[in-house]
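Notes for the structure review
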Amino acid sequence: MRAGTLILLLAPVCLPAQFRITILDGRDERPVGEVVNLGSLDASDFLDTRFQLRNISNGTTVLQVLSVAGVGFSFTAKPSTPVAVPAAGSLTFTVRFEPKAPGTYSAVLTVNTITVLLRAVAMAGPVVWLGAEGRQMKLSASDAVDFGTVERGAVARRRFVLENPYETALTVSSLEVSGASFRGPEAIQLPLVLAPQDRAAFEVVFAPQSAGAAVGRLTVNGRIFLLTGQGVEPRFPKPEIVLDPAAPQSGQQVKVMVRLASTAPRAGTGELRLRFEPLTPGLSDDPAIQFLSPSGRVVPFSVEEGEQTARIAGRSEVEMQTGTTAGRVILTAQLDSQKEEAVVTLAAMPVAVDSLRVTRNAGAFELNLTAFDNTRSVSQLVFTFYDRQGRAVEPGAIAVDASREFQRYFENSGAGGMFALRAVFPVSGEASAVTGVEVELRNAVGTTRSARASF
Amino acid sequence: MARILLLAAFSAAWAFSQAHLSVPHLGLVRDASGRLLALRGLAGNFLWGEPVLEGVRAASSSGSWTLAKLETELLLLDADGTVAARWPAPPGSALFAFTASGEPALVYFSKTGELWRLAREGLQPLGDAGQHVVAIGLADAEHAVLIERSRDGLGMRTISLVTGSVEHEILSAESFGPALVTPDGRVVYVQGEQLRVRERGAPEHSLPMPAPVQFLAQISCEWIEARLEENGGRMALRLRAGDIGLYRLPEDLR
């Protein structure tokens, strides 16, 4: 059984020209004759040639022998043998030519019973090294040198060294860098004659012109090395939120500015947001807490390249109302990945009176007061009327417990802590003698006494 | 203690039976699309209310009353925005004036140049005031004030409502911008990017504005709206005795 199998395996090998050998060059396929000239290359380079074997017989053929014999030639990828190749099937393998020194080279490629003579020429040229002393990497033509990821406006440098490892002088007549985002060579003069064992260094600079992949070429005496890099838009400096006044209270309009820690490296747009957390949990939102022009709780801003202050609707600032409810206003400025928060603490405060006006009607005084209570906890009101001499009018201070009315009002007003109070005081006697009034309002923080309103 | 009695003090039931709490109301304001909206709030804390009227050509508010000119009608609205009276009117825009207590007083129809007095009996003609009037007001109960624009700047004409006598005065040779006469007789006008406030017997105040002022309107006896050019938004000016405050109004008018 074993002998029979051996005979079966060996039988096709004895048949001539059962494989057709071709060279794959991209999408092209070139037939191979008895002699193949692989071409010339620099002695410090290597050359890979990809071959294909196609079984042109009508049956399965076993590839028994696949070898390359010659100084500087080797396989980089080859199938294990023996291997059966079905009719019309194919195999590929790669022969690398990597000379050690300038000269003419040849090797014999054997495929079963077929032999092909491979020839190549290695020419003297400078060895190209990448990197600093002690950490150098020898480059071969078509090697790609990656400059990494670099922000637009910044640069990355790579150091190259040309070396003459031979016993005769070498001339570098052509040394060029191409590609929009690459420049150089720097720190080298041409033409350059490298004495035996001599070295010369130069630099290539990657300065990306835009975001995205960048490709360039370094050409040394006709040998081409790829240069690659990734450009990215520069990061914005951290935005800072500046308030004027710096520590606002309820009932104010505040200027809000967005300033960058340094000038913007490019133009961009961002957002300024605010959210409000009332000091007393469960209190309804205060709709007056908002930016004013443009209005709302989110406003867009833009930064121009070279500027440090953001523009909000064409201006360098936006006003914000702090509303009439105690709590925290959290401002967030976001510019790309940069984010900054500022917290405005609106402390609980006694009632703030905005206006107090009294008008005389027949037999009564009508008192109109506008104010805000940022704790929404007004409890007691005290009214004191005065005569022309500044004396309190009988019965003196009129105290009213108004906590329930205010509580009901604040629950339903939807207007934060502001309120208008209209109170009518029937009066008897010489009403014209009453000329002033003061109002005290008590809330959870303390008591406020209005200025005396004259009427 | 004085011998005047405040009756409320004797009534435990008074409490809040004769008192009323509400959201502070400043006045009614016309927006660029002709809607009339309530402006609520207090200094530095404003909120827009819902529109109460549309198709408004011009409006002015004293806080307690608002005069609104529709295309061919003049309306008087109360503080809630309810129509209290209406009169037929010539087409076009109009200017208005109030008394110091906020009662409607005068109306000027821009297209016809007619000046009318608003009284309890209704509209009473005061005659032809010309075509160059930019603001009207009352200097006092007996004198109307007309601000007029000419090549020489802004002029002020004071007309006696009793005798019909007229006095002319140059307000500003450098101003051609909008102007306004407040219910208490102050004259507000624009000079460059300055808002100037003239009050009888007091030095003239000057207030820098963030952008040139395009338009002035009365929001209430104390408050004036200043609409800025170049999409600069709206400012609110508060005029009180010895005190002028400038605030920004929220841009979104709903």
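1. Topic: the environment of A:Val378
Residues and elements named next belong to chain A.
- You can see Val-378 is positioned in the loop between strand 33 (364-372) and strand 34 (380-387).
- When the C-alpha positions of Val-378 and Val-351 are compared, they lie 7.8 Å apart, and in sequence the two are 27 residues distant.
- Every residue in contact with Val-378, bar those within four places of it in the chain, is listed here: Val-351, Asp-373, Ala-402, Ser-403, Phe-406, Phe-410, Phe-419, Arg-442 and Asn-443.

2. Notes on the confidence of the model for chain A
- In the predicted model, chain A carries a mean pLDDT of 91, and the fraction of residues at 70 or more is 96%.
- The low-confidence segment residues 1-15 of chain A, where pLDDT is below 50, has 9 contacts with residues more than four positions distant or belonging to other chains.

3. Here's the deal with the sheet that holds strand 10 (residues 94-98) of chain B
All names here are of chain B.
- An order of 10-11-12-13 is seen for the 4 strands of this open sheet, with the pairing classed as antiparallel. Two strands bound the open sheet, and with one partner strand each, they are strand 10 and strand 13 (122-128). Sheet twist, expressed as the average angle between the axes of neighbouring strands with direction ignored, equals 20°.
- Here strand 11 (residues 104-109) runs beside strand 12 (residues 114-119); their pairing, made up of 4 bridges, is antiparallel. Counterpart to Val-107 in the pairing with strand 12 is Trp-116.

4. Overview of the packing of aromatic side chains
- All told, the structure shown has 19 aromatic pairs over all chains when counted by the stated rule.
- On the basis of an interplanar angle of 70° and a centroid distance of 5.3 Å, the ring pair of A:Phe147 and A:Phe182 is categorised as edge-to-face. With A:Phe147 in strand 14 (residues 144-151) and A:Phe182 in strand 18 (residues 182-186), the pair connects residues that are 35 residues apart, well separated along the chain.
- With 6.1 Å between their ring centres and 70° between their planes, B:Phe46 and B:Tyr247 make a pair best called edge-to-face. On the criterion of sequence distance, the pair formed by B:Phe46 in strand 5 (residues 45-53) and B:Tyr247 in strand 25 (residues 243-248) is long-range, its members being 201 residues apart.
- On the basis of relative accessibility, which here comes to 0%, the residue B:Phe46 falls in the buried class.
- Cluster of aromatic residues (ring-pair linked, three or more members): A:Phe365, A:Phe383, A:Phe385, A:Phe425 and A:Phe455.
- Above the face of the A:Phe147 ring, A:Arg158 is positioned so that its terminal group lies 5.1 Å from the ring centre.

5. Describing the layout of surface pockets
Residue and element names in this part refer to chain B.
- Estimated volume of the second largest pocket: approximately 530 Å³.
- Along the wall of the second largest pocket there are 30 residues; nearest its centre are Ala-94, Leu-95, Val-134, Phe-215 and Leu-216.
- At the level of secondary structure, the elements contributing two or more residues to the lining of the second largest pocket comprise strand 6 (58-61), strand 10, strand 14 (133-140), strand 18 (179-181) and strand 22 (213-218).
- For the lining of the second largest pocket, a count of residues per class yields 20 nonpolar, 7 polar and 3 charged.

6. Re the interface of chain A and chain B
- On the side of chain B, 36 residues touch chain A, which itself brings 52 residues to the contact.
- A buried area of about 3,800 Å², summed over both sides, lies between chain A and chain B, and 64% of it is on carbon and sulfur atoms.
- Among the residues of chain A in contact with chain B, A:Asp354, A:Glu394 and A:Met418 are the three that bury the most area, contributing 17% of the side total.
- Here A:Glu319 makes a salt bridge to B:Arg248, at a shortest N to O gap of 2.9 Å.
- Listing elements by their share of the side of chain A that touches chain B, those giving two or more residues are strand 26 (290-292), strand 29 (318-321), strand 32 (352-361), strand 33, strand 34, strand 35 (398-401), helix 2 (403-413) and strand 36 (418-428) of chain A.
- Across the side of chain A that touches chain B, the residue classes tally to 30 nonpolar, 14 polar and 8 charged.
- When strand 36 of chain A meets strand 2 (residues 19-22) of chain B, the two strands line up antiparallel, connected through 4 bridges. When the bridges of strand 2 of chain B are listed, A:Ala420 appears paired with B:Ser22.

7. Observations regarding the environment of B:Ser206
Residues and elements named next belong to chain B.
- Here Ser-206 is to be found in strand 21 (residues 205-208).
- Residue Ser-206 is classed as partly exposed on the basis of its relative accessible area, which comes to 35%.
- For Ser-206 and Thr-163, which are 43 residues apart along the polypeptide, the C-alpha to C-alpha distance reads 34 Å.
- Contacts of Ser-206, omitting those with residues within four sequence positions, involve Gln-194, Leu-195 and Arg-196.
- Engagement of the side chain of Ser-206 in a polar contact is seen with the side chain of Gln-194, the distance being 2.4 Å.

8. Regarding the side chain of A:Asn443
- Along the polypeptide, A:Asn443 turns up in the loop between strand 37 (434-442) and strand 38 (447-449).
- Once residues within four sequence positions are removed from consideration, A:Asn443 is found in contact with A:Met349, A:Pro350, A:Val351, A:Asp373, A:Thr375, A:Ser377 and A:Val378.

9. Here's the deal with the pairing of strand 20 (residues 194-198) of chain B
All names here are of chain B.
- Of the two faces of strand 20, the one lined by Leu-195 and Val-197 is fully buried and the one lined by Gln-194, Arg-196 and Arg-198 carries no buried residue.
- Of the strand pairs in this sheet, strand 19 (residues 187-191) and strand 20 are connected by 5 bridges, and their pairing is antiparallel. Bridge assignment links Val-190 to a residue of strand 20, and that residue is Leu-195.
- Once strand 19 ends, the chain turns through 2 residues before running back antiparallel as strand 20, passing Gly-192 with a positive phi of about 65°.
- Between the end of strand 20 and the start of strand 21, which pair antiparallel, lie 6 residues, with Gly-201 showing a positive phi angle near 80°.

Criteria and cut-off values
- Residues numbered from 1 in each chain as written.
- Chains lettered and ligands numbered in written order.
- Predicted model: local features only at pLDDT ≥ 70, side-chain atom pairs only at ≥ 80, totals over all residues.
- Heavy atoms only, no water.
- Helix = DSSP H or I, 4+ residues; strand = E, 2+ residues; numbered from the N terminus.
- Contact = heavy atoms within 4.5 Å.
- pLDDT = per-residue confidence, 0-100.
- Pairing = 2+ DSSP bridges.
- Axes fitted to C-alpha atoms, helices over the stretch in contact; angles between N-to-C directions.
- Phe/Tyr/Trp six-rings, centres within 6.5 Å; stacked < 30°, edge-to-face > 60°.
- Buried < 20%, exposed > 50% of the residue type's maximum accessible area, 1.4 Å probe, protein only.
- Lys NZ or Arg CZ within 6 Å of the ring centre and 35° of its normal.
- 1 Å grid on protein atoms, 1.4 Å probe; cavity = no way out; pocket = protein on both sides within 12 Å on 5 of 7 lines; lining within 4 Å.
- Points joined across faces, edges and corners; volume = space filled by probe spheres on them.
- Nonpolar A, V, L, I, M, F, W, Y, C, P; charged D, E, K, R; others polar.
- Buried area = accessible area lost by both parts, 1.4 Å probe.
- Salt bridge = Lys/Arg side-chain N within 4 Å of Asp/Glu carboxyl O.
- Polar contact = N/O pair within 3.5 Å; in protein donor to acceptor, adjacent residues only side chain to side chain.

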